[in-house]
Amino acid sequence: MRCYVNIPHPTSGTISSASFHPQQFQYTLDNNVLTLEQRKFYEENGFLVIKNLVPDADIQRFRNEFEKICRKEVKPLGLTVMRDVTISKSEYAPSEKMITKVQDFQEDKELFRYCTLPEILKYVECFTGPNIMAMHTMLINKPPDSGNCKKTSRHPLHQDLHYFPFRPSDLIVCAWTAMEHISRNNGCLVVLPGTHKGSLKPHDYPKWEGGVNKMFHGIQDYEENKARVHLVMEKGDTVFFHPLLIHGSGQNKTQGFRKAISCHFASADCHYIDVKGTSQENIEKEVVGIAHKFFGAENSVNLKDIWMFRARLVKGERTNL
(Lines give C-alpha, C1' and ligand atoms only; values in the text may rest on other atoms or scores of the structure.)
Protein backbone atom coordinates (compact mmCIF):
# COMPACT_ATOMS: atom_id res chain seq x y z
CA MET A 1 0.00 0.00 0.00
CA ARG A 2 1.44 3.34 -0.99
CA CYS A 3 0.82 5.91 1.71
CA TYR A 4 1.71 9.55 1.56
CA VAL A 5 0.94 12.85 3.13
CA ASN A 6 -1.98 14.73 1.71
CA ILE A 7 -1.57 18.49 1.91
CA PRO A 8 -5.05 20.02 1.61
CA HIS A 9 -5.50 23.43 0.07
CA PRO A 10 -5.90 25.96 2.90
CA THR A 11 -8.75 28.44 2.79
CA SER A 12 -6.41 31.16 3.95
CA GLY A 13 -2.76 31.40 4.86
CA THR A 14 -0.28 28.62 4.16
CA ILE A 15 0.74 25.28 5.59
CA SER A 16 4.31 25.25 6.75
CA SER A 17 6.85 22.52 6.11
CA ALA A 18 9.87 24.07 7.77
CA SER A 19 13.39 22.68 7.82
CA PHE A 20 14.27 20.51 10.81
CA HIS A 21 17.33 18.95 12.30
CA PRO A 22 16.75 15.49 13.86
CA GLN A 23 17.32 16.78 17.39
CA GLN A 24 14.45 19.22 16.92
CA PHE A 25 11.75 16.57 16.63
CA GLN A 26 9.33 16.94 19.54
CA TYR A 27 6.01 15.49 18.41
CA THR A 28 7.16 12.34 16.58
CA LEU A 29 9.43 9.49 17.64
CA ASP A 30 12.19 7.90 15.60
CA ASN A 31 10.62 5.28 13.33
CA ASN A 32 10.89 3.52 9.98
CA VAL A 33 7.35 4.35 8.87
CA LEU A 34 7.13 8.11 8.35
CA THR A 35 9.23 9.76 5.70
CA LEU A 36 11.32 12.73 6.72
CA GLU A 37 8.84 15.03 4.95
CA GLN A 38 5.90 13.47 6.83
CA ARG A 39 7.67 13.91 10.18
CA LYS A 40 8.50 17.50 9.38
CA PHE A 41 4.92 18.16 8.28
CA TYR A 42 3.42 16.77 11.51
CA GLU A 43 5.98 18.57 13.66
CA GLU A 44 5.09 21.90 12.10
CA ASN A 45 1.34 21.48 11.56
CA GLY A 46 0.14 18.95 14.16
CA PHE A 47 -1.69 16.63 11.75
CA LEU A 48 -0.96 14.18 8.95
CA VAL A 49 -3.33 12.56 6.45
CA ILE A 50 -2.51 9.10 5.12
CA LYS A 51 -4.45 8.22 2.01
CA ASN A 52 -6.34 4.94 1.53
CA LEU A 53 -5.11 3.44 4.81
CA VAL A 54 -8.13 1.41 5.99
CA PRO A 55 -9.51 -1.18 3.51
CA ASP A 56 -13.07 -0.91 2.21
CA ALA A 57 -13.93 -4.34 3.64
CA ASP A 58 -13.13 -3.21 7.19
CA ILE A 59 -15.11 -0.01 6.79
CA GLN A 60 -18.12 -1.99 5.60
CA ARG A 61 -17.90 -4.23 8.65
CA PHE A 62 -17.83 -1.17 10.93
CA ARG A 63 -20.83 0.24 9.10
CA ASN A 64 -22.75 -3.03 9.48
CA GLU A 65 -22.03 -3.19 13.21
CA PHE A 66 -23.10 0.43 13.69
CA GLU A 67 -26.42 -0.34 11.99
CA LYS A 68 -26.92 -3.30 14.34
CA ILE A 69 -26.35 -1.00 17.31
CA CYS A 70 -28.86 1.49 15.91
CA ARG A 71 -31.43 -1.30 15.53
CA LYS A 72 -30.66 -2.42 19.10
CA GLU A 73 -29.62 -5.86 17.88
CA VAL A 74 -26.41 -5.57 19.91
CA LYS A 75 -25.88 -3.68 23.17
CA PRO A 76 -22.19 -3.58 24.09
CA LEU A 77 -21.33 -2.96 27.74
CA GLY A 78 -20.38 0.65 28.48
CA LEU A 79 -21.39 2.00 25.08
CA THR A 80 -22.70 5.57 25.02
CA VAL A 81 -25.28 6.24 22.31
CA MET A 82 -25.92 9.89 21.45
CA ARG A 83 -28.51 11.74 19.40
CA ASP A 84 -28.59 15.28 18.02
CA VAL A 85 -30.14 17.91 20.27
CA THR A 86 -32.85 18.56 17.64
CA ILE A 87 -33.98 14.92 17.36
CA SER A 88 -36.82 14.07 19.70
CA LYS A 89 -37.03 10.61 21.24
CA SER A 90 -40.17 9.77 19.29
CA GLU A 91 -39.14 11.15 15.91
CA TYR A 92 -37.58 8.03 14.43
CA ALA A 93 -37.89 4.30 14.80
CA PRO A 94 -34.56 2.70 15.81
CA SER A 95 -32.24 3.34 12.88
CA GLU A 96 -29.15 5.30 11.93
CA LYS A 97 -31.35 8.39 11.54
CA MET A 98 -31.78 8.53 15.31
CA ILE A 99 -28.15 8.04 16.38
CA THR A 100 -25.47 10.66 15.75
CA LYS A 101 -22.58 9.10 17.64
CA VAL A 102 -21.60 6.00 19.55
CA GLN A 103 -18.59 6.20 21.81
CA ASP A 104 -16.72 3.97 24.24
CA PHE A 105 -17.10 0.86 22.08
CA GLN A 106 -14.20 -0.92 23.75
CA GLU A 107 -16.46 -3.89 24.56
CA ASP A 108 -17.77 -4.21 20.99
CA LYS A 109 -15.36 -6.67 19.41
CA GLU A 110 -16.29 -5.71 15.85
CA LEU A 111 -15.93 -1.93 16.19
CA PHE A 112 -12.90 -2.25 18.47
CA ARG A 113 -11.11 -4.06 15.65
CA TYR A 114 -10.47 -0.57 14.29
CA CYS A 115 -8.18 0.15 17.26
CA THR A 116 -6.13 -2.97 16.59
CA LEU A 117 -5.73 -2.73 12.82
CA PRO A 118 -2.03 -3.15 11.94
CA GLU A 119 -2.41 -0.38 9.37
CA ILE A 120 -3.47 2.04 12.13
CA LEU A 121 -1.08 0.92 14.86
CA LYS A 122 1.90 1.13 12.53
CA TYR A 123 1.42 4.89 12.37
CA VAL A 124 0.22 5.36 15.96
CA GLU A 125 3.52 3.95 17.24
CA CYS A 126 5.33 6.83 15.52
CA PHE A 127 3.69 9.17 18.03
CA THR A 128 3.19 7.06 21.18
CA GLY A 129 6.00 4.53 21.13
CA PRO A 130 5.55 0.72 21.31
CA ASN A 131 3.31 0.48 24.40
CA ILE A 132 -0.07 1.66 23.14
CA MET A 133 -3.36 2.20 24.94
CA ALA A 134 -6.68 2.80 23.18
CA MET A 135 -8.22 5.52 25.36
CA HIS A 136 -11.33 6.85 23.64
CA THR A 137 -13.36 5.41 20.77
CA MET A 138 -16.06 6.98 18.61
CA LEU A 139 -18.09 6.32 15.49
CA ILE A 140 -19.54 9.63 14.36
CA ASN A 141 -22.71 9.70 12.26
CA LYS A 142 -22.98 13.43 11.55
CA PRO A 143 -26.63 14.10 10.69
CA PRO A 144 -27.99 16.45 8.06
CA ASP A 145 -28.94 19.76 9.62
CA SER A 146 -32.62 20.01 10.38
CA GLY A 147 -34.80 22.03 8.06
CA ASN A 148 -35.07 24.83 10.63
CA CYS A 149 -31.43 25.77 9.90
CA LYS A 150 -30.24 25.36 13.48
CA LYS A 151 -26.85 24.06 12.26
CA THR A 152 -26.55 21.73 15.25
CA SER A 153 -24.43 19.25 13.29
CA ARG A 154 -21.48 21.65 13.64
CA HIS A 155 -18.77 20.87 16.17
CA PRO A 156 -17.18 24.00 17.67
CA LEU A 157 -13.44 24.53 17.45
CA HIS A 158 -11.82 22.67 20.34
CA GLN A 159 -8.75 20.80 21.58
CA ASP A 160 -9.25 17.15 22.48
CA LEU A 161 -6.87 17.43 25.45
CA HIS A 162 -9.65 19.36 27.21
CA TYR A 163 -11.35 15.98 27.79
CA PHE A 164 -8.26 14.00 28.83
CA PRO A 165 -6.92 13.70 32.42
CA PHE A 166 -3.61 12.18 31.32
CA ARG A 167 -0.30 13.53 30.12
CA PRO A 168 2.11 14.17 28.45
CA SER A 169 0.15 15.47 25.50
CA ASP A 170 2.96 14.75 23.03
CA LEU A 171 2.46 11.00 23.56
CA ILE A 172 -1.23 11.14 22.63
CA VAL A 173 -2.59 10.96 19.08
CA CYS A 174 -5.98 10.62 17.42
CA ALA A 175 -6.59 8.39 14.40
CA TRP A 176 -9.72 9.55 12.52
CA THR A 177 -10.82 7.58 9.44
CA ALA A 178 -13.35 8.67 6.83
CA MET A 179 -15.96 5.98 6.18
CA GLU A 180 -17.07 7.69 2.95
CA HIS A 181 -16.22 10.76 0.88
CA ILE A 182 -16.05 13.73 3.26
CA SER A 183 -15.99 17.33 2.06
CA ARG A 184 -17.02 20.78 3.20
CA ASN A 185 -20.50 19.97 1.91
CA ASN A 186 -21.13 17.24 4.49
CA GLY A 187 -19.05 18.68 7.31
CA CYS A 188 -15.40 17.71 7.01
CA LEU A 189 -12.86 18.36 9.72
CA VAL A 190 -11.32 21.81 9.82
CA VAL A 191 -7.94 22.27 11.51
CA LEU A 192 -5.81 25.26 12.50
CA PRO A 193 -2.27 24.19 11.54
CA GLY A 194 0.43 24.73 14.13
CA THR A 195 -1.89 25.28 17.08
CA HIS A 196 -0.64 22.08 18.71
CA LYS A 197 2.42 24.11 19.75
CA GLY A 198 0.30 26.22 22.09
CA SER A 199 -1.25 25.51 25.46
CA LEU A 200 -4.62 24.07 26.46
CA LYS A 201 -7.22 26.83 26.30
CA PRO A 202 -10.40 27.23 28.41
CA HIS A 203 -13.45 25.51 26.86
CA ASP A 204 -17.19 25.81 27.40
CA TYR A 205 -20.43 25.60 25.47
CA PRO A 206 -20.65 28.11 22.61
CA LYS A 207 -23.64 30.42 22.64
CA TRP A 208 -25.24 29.12 19.44
CA GLU A 209 -28.84 30.06 18.77
CA GLY A 210 -29.88 26.60 17.58
CA GLY A 211 -28.53 24.77 20.60
CA VAL A 212 -25.40 22.68 21.16
CA ASN A 213 -25.01 18.94 21.53
CA LYS A 214 -23.98 17.43 24.86
CA MET A 215 -20.28 17.86 25.68
CA PHE A 216 -19.62 19.80 22.45
CA HIS A 217 -17.41 22.28 24.28
CA GLY A 218 -15.55 24.91 22.30
CA ILE A 219 -12.60 27.24 22.80
CA GLN A 220 -13.71 30.56 24.21
CA ASP A 221 -10.74 32.56 22.98
CA TYR A 222 -8.89 31.96 19.72
CA GLU A 223 -7.61 33.95 16.77
CA GLU A 224 -10.55 34.06 14.36
CA ASN A 225 -8.33 35.14 11.48
CA LYS A 226 -5.87 32.27 11.88
CA ALA A 227 -5.45 30.08 8.77
CA ARG A 228 -7.80 27.09 8.56
CA VAL A 229 -7.49 23.93 6.50
CA HIS A 230 -10.51 21.86 5.51
CA LEU A 231 -9.63 18.16 5.26
CA VAL A 232 -11.36 16.72 2.21
CA MET A 233 -11.01 12.95 2.54
CA GLU A 234 -11.99 9.78 0.70
CA LYS A 235 -13.18 6.53 2.25
CA GLY A 236 -10.29 4.90 4.08
CA ASP A 237 -8.20 8.07 4.37
CA THR A 238 -6.98 8.58 7.94
CA VAL A 239 -5.81 11.73 9.67
CA PHE A 240 -3.53 11.52 12.70
CA PHE A 241 -3.49 14.62 14.88
CA HIS A 242 -2.13 16.00 18.15
CA PRO A 243 -4.55 16.52 21.10
CA LEU A 244 -3.72 20.24 21.32
CA LEU A 245 -4.48 20.88 17.65
CA ILE A 246 -7.48 23.22 17.39
CA HIS A 247 -10.09 21.62 15.14
CA GLY A 248 -13.82 21.26 14.59
CA SER A 249 -16.26 20.47 11.81
CA GLY A 250 -18.84 22.38 9.81
CA GLN A 251 -22.49 21.65 9.27
CA ASN A 252 -23.72 18.79 7.11
CA LYS A 253 -25.54 20.48 4.24
CA THR A 254 -26.45 17.20 2.51
CA GLN A 255 -29.40 14.89 3.07
CA GLY A 256 -27.16 11.98 4.09
CA PHE A 257 -25.36 11.03 7.29
CA ARG A 258 -21.57 11.53 7.26
CA LYS A 259 -19.67 8.72 8.97
CA ALA A 260 -16.18 8.50 10.46
CA ILE A 261 -14.57 6.20 13.03
CA SER A 262 -11.83 7.26 15.42
CA CYS A 263 -9.72 6.35 18.41
CA HIS A 264 -7.48 8.37 20.67
CA PHE A 265 -4.34 6.46 21.53
CA ALA A 266 -1.81 7.20 24.26
CA SER A 267 1.48 5.77 25.37
CA ALA A 268 1.04 3.38 28.27
CA ASP A 269 3.81 5.43 29.88
CA CYS A 270 1.47 8.43 30.24
CA HIS A 271 0.15 9.26 33.70
CA TYR A 272 -3.14 10.54 35.09
CA ILE A 273 -3.48 14.03 36.54
CA ASP A 274 -5.96 15.67 38.90
CA VAL A 275 -7.90 18.30 36.91
CA LYS A 276 -9.46 20.01 39.93
CA GLY A 277 -8.61 23.69 39.94
CA THR A 278 -7.78 23.66 36.22
CA SER A 279 -9.71 24.68 33.10
CA GLN A 280 -10.75 21.02 32.75
CA GLU A 281 -12.76 20.98 35.97
CA ASN A 282 -15.98 21.86 34.11
CA ILE A 283 -15.77 18.82 31.82
CA GLU A 284 -14.99 16.55 34.77
CA LYS A 285 -18.16 17.66 36.54
CA GLU A 286 -20.23 17.06 33.41
CA VAL A 287 -18.75 13.65 32.60
CA VAL A 288 -19.05 12.44 36.19
CA GLY A 289 -22.64 13.67 36.31
CA ILE A 290 -23.49 11.67 33.20
CA ALA A 291 -21.79 8.59 34.68
CA HIS A 292 -23.96 8.90 37.79
CA LYS A 293 -27.10 9.19 35.68
CA PHE A 294 -26.50 6.36 33.24
CA PHE A 295 -24.44 3.88 35.23
CA GLY A 296 -25.44 4.61 38.81
CA ALA A 297 -21.82 5.23 39.71
CA GLU A 298 -20.86 5.99 43.27
CA ASN A 299 -20.35 9.61 44.29
CA SER A 300 -16.62 9.01 44.70
CA VAL A 301 -16.08 8.40 40.99
CA ASN A 302 -13.84 10.91 39.21
CA LEU A 303 -12.60 11.56 35.70
CA LYS A 304 -9.60 9.26 36.17
CA ASP A 305 -11.87 6.35 37.16
CA ILE A 306 -13.94 6.80 34.01
CA TRP A 307 -10.89 6.87 31.75
CA MET A 308 -9.38 3.82 33.44
CA PHE A 309 -12.61 1.96 32.66
CA ARG A 310 -12.32 2.94 28.99
CA ALA A 311 -8.61 2.26 28.49
CA ARG A 312 -7.48 -0.91 26.71
CA LEU A 313 -3.98 -2.12 25.89
CA VAL A 314 -3.67 -2.75 22.14
CA LYS A 315 0.08 -3.23 21.77
CA GLY A 316 3.10 -3.79 24.00
CA GLU A 317 2.98 -3.67 27.80
CA ARG A 318 0.71 -1.78 30.16
CA THR A 319 2.73 0.42 32.51
CA ASN A 320 1.11 3.56 34.01
CA LEU A 321 -2.24 3.86 32.23
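Everything below is about the structure shown above.
What counts, and where the lines are drawn
- Residues numbered from 1 in each chain as written.
- Predicted model: local features only at pLDDT ≥ 70, side-chain atom pairs only at ≥ 80, totals over all residues.
- Heavy atoms only, no water.
- Helix = DSSP H or I, 4+ residues; strand = E, 2+ residues; numbered from the N terminus.
- Contact = heavy atoms within 4.5 Å.
- Buried < 20%, exposed > 50% of the residue type's maximum accessible area, 1.4 Å probe, protein only.
- Arc of directions from axis to C-beta.
- Core = buried A, V, L, I, M, F, W, Y, C linked by side-chain atoms within 4.5 Å.
- Phe/Tyr/Trp six-rings, centres within 6.5 Å; stacked < 30°, edge-to-face > 60°.
- Lys NZ or Arg CZ within 6 Å of the ring centre and 35° of its normal.
- Pairing = 2+ DSSP bridges.
- Polar contact = N/O pair within 3.5 Å; in protein donor to acceptor, adjacent residues only side chain to side chain.

Enquirer: How would you summarise the overall build of the chain if you had to cite specific residues and measurements?
Expert: Summing up its helical and strand segments, the chain has six helices and 16 strands in all. Expressed as a percentage of contacts within the chain between residues at least 6 apart in sequence, the contacts between residues at least 24 apart total 82%.

Enquirer: Tell me about helix α6 (residues 303-310), and please be specific about residues and values.
Expert: Regarding α6, the residues found buried are Leu303, Ile306, Trp307 and Arg310. Projected onto a plane normal to the axis of α6, the buried residues spread over an arc of 95° and lie on a single side.

Enquirer: Outline the nonpolar core, supporting the account with residue identities and numerical values.
Expert: Grouped burial of nonpolar side chains is what soluble globular proteins tend to show. Counting residues in each nonpolar core, the largest one holds 58 residues, and the members touching the most others are Tyr114, Ile120, Trp176, Phe240 and Phe265. Membership of the second largest hydrophobic core comes to 23 residues, among which are Tyr163, Phe166, Ile283 and Ile306.

Enquirer: With reference to specific residues and values, describe the packing of aromatic side chains.
Expert: Enumeration according to the criterion identifies nine aromatic pairs in this entry. Plain terms: the ring middles of Phe41 and Phe47 are 5.3 Å apart, the flat faces sit at 85° to each other, and that makes the pair edge-to-face. Assessed through its relative accessible area of 0%, Phe47 is described here as buried. Taken together, the aromatic side chains of Tyr42, Tyr123, Phe127 and Phe240 make up a single cluster linked through ring pairs. It is Arg39 that lies over the ring of Phe25; its NZ or CZ is 3.8 Å from the centre. Over the face of the ring belonging to Trp307 we find Arg310, whose NZ or CZ atom lies 4.4 Å from the ring centre.

Enquirer: Lay out the sheet that holds strand β11 (residues 229-230) with the relevant residues and their values.
Expert: If you walk across this open sheet you meet the four strands as β5-β13-β8-β11, and the pairing is antiparallel. Of all the strands in the sheet, just β5 (155-158) and β11 have a single pairing partner and so form its edges. Summarising the sheet, strand β8 (residues 189-191) and strand β13 (residues 247-249) pair through three bridges and their orientation is antiparallel. Counted as the bridge partner of Val190 is Gly248 from β13.

Enquirer: Outline unusual backbone geometry, listing residues and values.
Expert: Residue Arg167 is joined to Pro168 through a cis peptide bond whose omega torsion reads 5°. Assignment of secondary structure puts Pro168 in the loop between β6 (166-167) and β7 (172-178). One non-glycine residue, Lys72, lies in the positive phi region at around 65°. Unusually for a residue other than glycine, Asp104 sits at a positive phi of about 65°. Following the sequence through the fold, Asp104 ends up in the loop between β3 (101-103) and α3 (109-112).

Enquirer: Please provide a residue-by-residue account of the environment of Leu157, values included.
Expert: Within the element layout of this structure, Leu157 appears in strand β5. Of the residues examined, Leu157 reaches a relative accessible area of 10% and is grouped as buried. Expressed as a C-alpha distance, the spacing of Leu157 and Tyr222, which sit 65 residues apart in the sequence, is 9.0 Å. Beyond its immediate stretch of four places on either side in the chain, Leu157 contacts Val190, Leu192, His217, Gly218, Ile219, Tyr222, Arg228, Ile246, His247 and Gly248.

Enquirer: How would you sum up the pairing of strand β12 (residues 238-241)? Please name residues and give values.
Expert: Because side chains alternate across β12, one face comprises the buried residues Thr238 and Phe240, and the other comprises Val239 and Phe241, equally buried. Sheet topology places strand β1 (residues 47-50) next to β12; four bridges connect them, and they run antiparallel. Each bridged residue has a counterpart across the sheet, and for Leu48 the counterpart in β12 is Phe240.

Enquirer: Please provide a residue-by-residue account of the side chain of Lys259, values included.
Expert: Tracing the chain through its elements places Lys259 in strand β14 (residues 258-267). Look past the residues within four positions of Lys259 in its chain and what remains in contact with it is Arg63, Phe66, Glu96, Ile140, Asn141, Ala178, Met179, Glu180 and Ile182.

Enquirer: So what about the side chain of Asn252? Which residues, and what values?
Expert: Here Asn252 lies in the loop between β13 and β14. Within the local environment of Asn252, its side chain forms a polar contact with the backbone oxygen of Pro143, the two atoms lying 3.4 Å apart. A distance of 2.7 Å separates the side chain of Asn252 from the backbone oxygen of Gly256, its partner in a polar contact.

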